[in-house]
Amino acid sequence: MFQVATLLMIFVYFMIFFVVGTLIRNNSIVDIGWGLGFVIVSVFLIIIDDTVHTGQWLMTLLVSLWGLRLFYHILRRNWGKPEDFRYQKFRQDWGKNVIIRAFFQVYMLQGLFMYVISQPMIMLADTSNKANITMLIFGLIVWIIGYYFEVVGDAQLRKFKADMRNKGKIMMEGLWAYTRHPNYFGEATMWWGILLVAFSYHVSIFAFISPITITILLVYVSGVPLLEKAMKDRPGFAEYAKRTSIFIPWFKMKG
């Protein structure tokens, strides 16, 4: 029940974004809906569940703290701006097939990823098991670490960019001195924390597909590779990359 209902809800959610994005010729609005979509999934699961337990409320709180902040962060960054360069490139490459390809390769693909990554939430709603408190606490600690890296990393970068003296420079301070992508590391870590929270209620081992998927996406597909490519020609980046861990935080390495 929960699996099918959630899949249908996600389909409708991204259909709405597809229609709006097509009408305004801006497919990058799908990024705005990413974090918010997970919040809606978590609330939706509570609404359709007749026997909501404490673990679901906790999960909804964690997902909402992450998703609403990310929604606001991307909305503020993108509001009033033209379509993101990535989607502009897709529009050029796809030509007359842009609508159908955007439907499947942008909106429905993100919907599929949202469904896969939401598995800990869905499985948690479908269980009445008691929690393993030790694992639950450990999961919360992992989530807090991830949240800290994402929130603080974004805040440090925003402050750095706001200083006109840093125009064209690379952020190498604060958390960025230990990892080149603290916000992406934080996001992946949060989902590992969410997995542990769900797993403390003895959900299926298949829930591991969630953090594995988001980590692979961030490290190898849509996160780190795109930013690394965009920054590789900036002055000082080669030296920064040589001395700073690409993802997992670590002390500065010798050149």
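The structure presented is a predicted model; accordingly, all values stated were derived computationally and were not measured.

**A word on the pattern of salt bridges**
Close approach of charged atoms lets side chains of opposite charge pair.
Phase 1 of the analysis: Enumeration over the complete set of coordinates arrives at 11 salt bridges.
Phase 2 of the analysis: Across the pair Arg165 and Asp163 runs a salt bridge, and its minimum N-O distance is 2.7 Å.
Phase 3 of the analysis: Residue classification places Asp163 among the partly exposed positions, given a relative accessible area of 24%.
Phase 4 of the analysis: Note that Glu228 is salt-bridged to Arg180, the shortest N-O span being 2.9 Å. Placement of the pair is Glu228 in helix α10 (residues 224–231) and Arg180 in the loop between α7 (133–162) and α8 (182–199), with a sequence separation of 48 residues. Across the pair, exposure class does not vary: Glu228 and Arg180 are buried alike.

**Let's talk about the nonpolar core**
Phase 1 of the analysis: Trp34, Phe38, Met59, Tyr107, Met114, Met121 and Trp191 are the most contacted members of the largest nonpolar core, which totals 62 residues.
Phase 2 of the analysis: The element that contributes the greatest number of residues to this core is α8, accounting for 10 residues.
Phase 3 of the analysis: In this structure Met121 touches Phe38, Val41, Ser42, Leu45, Met59, Val63 and Trp191, once residues within four positions along its chain are discounted.
Phase 4 of the analysis: Formed by eight residues, the second largest nonpolar core is a distinct cluster that contains Phe160, Ile170, Trp176 and Tyr240.

**Remarks on a nonpolar patch on the surface**
Phase 1 of the analysis: Together, Phe11, Val12, Ile16, Val19, Val20, Leu23 and Ile24 make up a nonpolar patch on the protein surface, roughly 650 Å² of accessible area in all.
Phase 2 of the analysis: Turning to its location among the elements, Leu23 is positioned in helix α1 (residues 2–23).
Phase 3 of the analysis: Given the relative accessible area of 69%, Leu23 is considered exposed.

**Here we look at helix α9 (residues 209–221)**
Phase 1 of the analysis: Within α9, the full set of buried residues consists of Ser210, Pro211, Thr213, Ile214, Thr215, Leu217, Leu218 and Val219.
Phase 2 of the analysis: Packing partners of the buried residues in α9 comprise α2 (29–48), α5 (98–117), α6 (119–125), α8 and α10.

**Some words on the side chain of His53**
Phase 1 of the analysis: Inspection of the secondary structure puts His53 in the loop between α2 and α3 (54–78).
Phase 2 of the analysis: For His53, a relative accessible area of 17% puts it in the buried group.
Phase 3 of the analysis: At 3.1 Å, the side chain of His53 and the backbone oxygen of Thr127 are in polar contact.
Phase 4 of the analysis: Discounting chain neighbours no more than four positions away, the residues touching His53 are Leu124, Thr127 and Tyr201.

**A few points about the environment of Leu8**
Phase 1 of the analysis: With respect to the helices and strands, Leu8 occurs in helix α1.
Phase 2 of the analysis: Under the relative-accessibility criterion, Leu8 is labelled exposed at 54%.

What counts and how
Residues numbered from 1 in each chain as written. Predicted model: local features only at pLDDT ≥ 70, side-chain atom pairs only at ≥ 80, totals over all residues. Heavy atoms only, no water. Salt bridge = Lys/Arg side-chain N within 4 Å of Asp/Glu carboxyl O. Buried < 20%, exposed > 50% of the residue type's maximum accessible area, 1.4 Å probe, protein only. Helix = DSSP H or I, 4+ residues; strand = E, 2+ residues; numbered from the N terminus. Core = buried A, V, L, I, M, F, W, Y, C linked by side-chain atoms within 4.5 Å. Contact = heavy atoms within 4.5 Å. Patch = residues over 30% accessible without salt bridge, like charges linked within 9 Å, V, L, I, M, F, W, Y side chains within 5 Å. Areas by Shrake-Rupley, 256 points an atom, 1.4 Å probe, with all protein chains shown as cover. Polar contact = N/O pair within 3.5 Å; in protein donor to acceptor, adjacent residues only side chain to side chain.

Take it as geometry only, folks, not as evidence of what the structure does.
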